[in-house]
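These are the residues of each chain, in order.
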Amino acid sequence: MKLPPFLRVPVALCVSTLVLGAGVASAQTITLYTSQPNSDAQATVDAFMAQNPGIKVEWVRDGTTQLMTRLEAELAAKAVKADVLLIADTVTLESLKQRDLLQPHLSAERQHYSADLYDPAGYYYSTKLITTGIAHHSAAPSKPHSWQDLVTPAYKNLVAAPSPLYSGAAMLHMQTLVNMPEFGWGYYEALKANQAQVQGGNGGVLKAVATGTKPYGVLADYLAIREKAKGAPVEFVFPQEGVTVVTEPVAILKSSQQPAAAARLVDFLLSEAGQQLVLQQGYIPARNGSAMPEGFPARDSINILPLNAAHALAQTEADKVRFSQIFDAAQ
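Residues numbered from 1 in each chain as written. Predicted model: local features only at pLDDT ≥ 70, side-chain atom pairs only at ≥ 80, totals over all residues. Heavy atoms only, no water.

Student: Please provide a residue-by-residue account of the packing of aromatic side chains, values included.
Tutor: Throughout the structure, instances matching the rule amount to nine aromatic pairs. Between Phe183 and Tyr187, the aromatic rings sit 5.2 Å apart at their centres with planes inclined by 85°, giving edge-to-face as the arrangement. A relative accessible area of 4% places Tyr187 in the buried class. One cation-aromatic arrangement involves Lys128 over Tyr283; the distance from NZ or CZ to the ring centre is 4.6 Å. (Phe/Tyr/Trp six-rings, centres within 6.5 Å; stacked < 30°, edge-to-face > 60°. Buried < 20%, exposed > 50% of the residue type's maximum accessible area, 1.4 Å probe, protein only. Lys NZ or Arg CZ within 6 Å of the ring centre and 35° of its normal.)

Student: Talk me through the packing of helix α5 (residues 168-178) against helix α11 (residues 309-327); I want residue IDs and the actual numbers.
Tutor: One way to put it is that α5 packs onto α11 with a least axis distance of 10 Å and a crossing angle of 95°. The pairing of α5 with α11 is recorded here as roughly perpendicular in orientation. Judged by residue contacts, Met171, Met174 and Gln175 of α5 engage Ala312, Gln315, Thr316, Asp319, Lys320 and Phe323 from α11. Residues belonging to the contact of α5 with α11 are distributed by class as follows: four nonpolar, three polar and two charged. (Axes fitted to C-alpha atoms, helices over the stretch in contact; angles between N-to-C directions. Helix = DSSP H or I, 4+ residues; strand = E, 2+ residues; numbered from the N terminus. Parallel < 35°, antiparallel > 145°, perpendicular 65-115°, else oblique. Contact = heavy atoms within 4.5 Å. Nonpolar A, V, L, I, M, F, W, Y, C, P; charged D, E, K, R; others polar.)

Student: Kindly report on the confidence of the model for the protein, identifying the contributing residues and their values.
Tutor: With 92% of its residues at a pLDDT of 70 or more, the protein has an overall mean of 91. Across residues 1-25, where pLDDT falls below 50, the model places three contacts with residues more than four positions away in sequence or in other chains. (pLDDT = per-residue confidence, 0-100.)

Student: Just give me the short version of the sheet that holds strand β1 (residues 28-34), but keep the residues and values in it.
Tutor: The strand order across the open sheet built from five strands is β2-β1-β3-β11-β4, with neighbouring strands paired in mixed fashion. Each edge of the open sheet carries a strand with a single partner, namely β2 (55-61) and β4 (102-103). Pairing of β4 with strand β11 (residues 250-253) involves two bridges; the strand directions are antiparallel. Residue Leu102 lies in a different strand from β11, and its bridge partner there is Leu253. Relative to β2, helix α2 (residues 38-51) is tilted by about 170°, and along the sheet it contacts β1 and β2. Packing of helix α9 (residues 259-270) onto the sheet brings it into contact with β1, β2, β3 (84-86), β4 and β11, and relative to β11 it is tilted by some 175°. (Pairing = 2+ DSSP bridges.)

Student: Account for the environment of Gln42, with residues named and values stated.
Tutor: Summarising the element assignment, Gln42 is placed in helix α2. Taking C-alpha positions, Gln42 is 9.6 Å from Glu58, a pair spaced 16 residues apart along the chain.

Student: How would you sum up the side chain of Thr316? Please name residues and give values.
Tutor: Position of Thr316 among the secondary structure elements: in helix α11. Of the polar contacts made by the side chain of Thr316, one reaches the backbone oxygen of Ala312; its length is 2.8 Å. The contact partners of Thr316, leaving out residues within four places of it in the chain, are Val91, Met171 and Gln175. (Polar contact = N/O pair within 3.5 Å; in protein donor to acceptor, adjacent residues only side chain to side chain.)

Student: Go over empty space enclosed by the protein with me, naming the residues and quoting the values.
Tutor: Over the atoms rolls a probe the size of a water molecule, and in doing so it shows where empty space is left. Scanning the model with the defined rule gives three cavities of 30 Å³ or more in all. Approximately 130 Å³ is the volume attributed to the largest cavity. Those elements that provide at least two residues to the lining of the largest cavity are α5 and α6 (184-193). In terms of residue count, α5 provides more of the lining of the largest cavity than any other element does, four residues in total. Class assignment for the residues of the lining of the largest cavity results in 12 nonpolar, three polar and no charged. Empty space within the second largest cavity amounts to approximately 50 Å³. (1 Å grid on protein atoms, 1.4 Å probe; cavity = no way out; pocket = protein on both sides within 12 Å on 5 of 7 lines; lining within 4 Å. Points joined across faces, edges and corners; volume = space filled by probe spheres on them.)

Student: Can you lay out α2 for me, pointing to particular residues and giving the numbers?
Tutor: Compared with an ideal rise of 1.5 Å per residue, which puts 14 residues at 20 Å, α2 spans 20 Å between its outermost C-alpha atoms and is within 8% of the ideal. Within α2 the residues assigned to the buried category are Asp40, Ala41, Thr44, Val45 and Phe48. One side of α2 holds all its buried residues, which, seen down the axis, span an arc of 130°. When the buried face of α2 is taken as reference, the exposed residues oriented beyond 90 degrees from it are Ser39 and Ala50. Tucked inside the fold, the buried residues of α2 contact β1, β2, α8 (221-229), α9 and α10 (272-280). (Expected span 1.5 Å × (residues − 1). Arc of directions from axis to C-beta.)

Student: Tell me about the nonpolar core, and name the residues and values.
Tutor: Core analysis: the biggest nonpolar cluster contains 49 residues, and Leu32, Leu219, Val234, Val250 and Leu265 have the highest contact counts within it. The element that contributes the greatest number of residues to this core is α9, accounting for eight residues. Excluding its chain neighbours within four sequence positions, the residues that come into contact with Leu32 are Val45, Val57, Glu58, Trp59, Val60, Val84, Leu85, Leu86 and Leu265. Listed in part, the 27 residues of the second largest apolar core include Ala140, Met180, Trp185 and Leu191. (Core = buried A, V, L, I, M, F, W, Y, C linked by side-chain atoms within 4.5 Å.)

Structure, rendered in structure tokens:
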């Protein structure tokens, strides 16, 4: 039977349409939940997609505590949207691993990392080292050198700090200090008595310090050092007792419907190119042999305060309650 002219479609067009349709069908989309700053999250996603044009990454940014609250709601509704988590600390991911909510991925890149920076079964991997120290306005009347300085009369009503109810880094910082005999919960009670403002996340602390509203702050290193490089009147101090550290680990959720694509994102973050991006963004890369970002001291000069992750995990809820009682904060 001969087709009328308006139904005659060139074979080449049919083939090209089929190929295009197949390409659209094979495109993959994964969702990343991250506590990175917005600009860093966008740069990370853009760099990954440039190397992996067949994978689209949608991302959601919030504090680690808020992201976990969101994830818990999704788990309860059996509607988990995230495929990959890139959040503040390994304690949180260890809790998800123990609940069988993560899936392992033995990345070939792990050979370039110290064994204490990733889960031996491949459930999560550290991507950077972010320390928490003391920031101060360049015109501040005193120059702090110690964590104990912040609870002295000279600093009364002049200190800002992120809340562990919002920030994963702040939670780990608190859990590190309260389990050290030279600090303990008495240190947080002293911060409260000294009228320290403890609320929100690191971004609010940076703004308070940079504007002089609160000339001293407990802050993540990269925020202060990055802003100083841009001309902000902010200085960063590695306190003499040492600093706490979060490693911004990455993990794949067991519920992911795109595990291969999710694994590609993990591999990219751990790769030399991914770690070079970490360096360019002003963080200390976790990968062995990496350079230090401008403005940081030598890596071996930074004293890391000890944290028992298993103990911290077991005490998390009790620690939140204790903090809330001290600072009259709503959970």
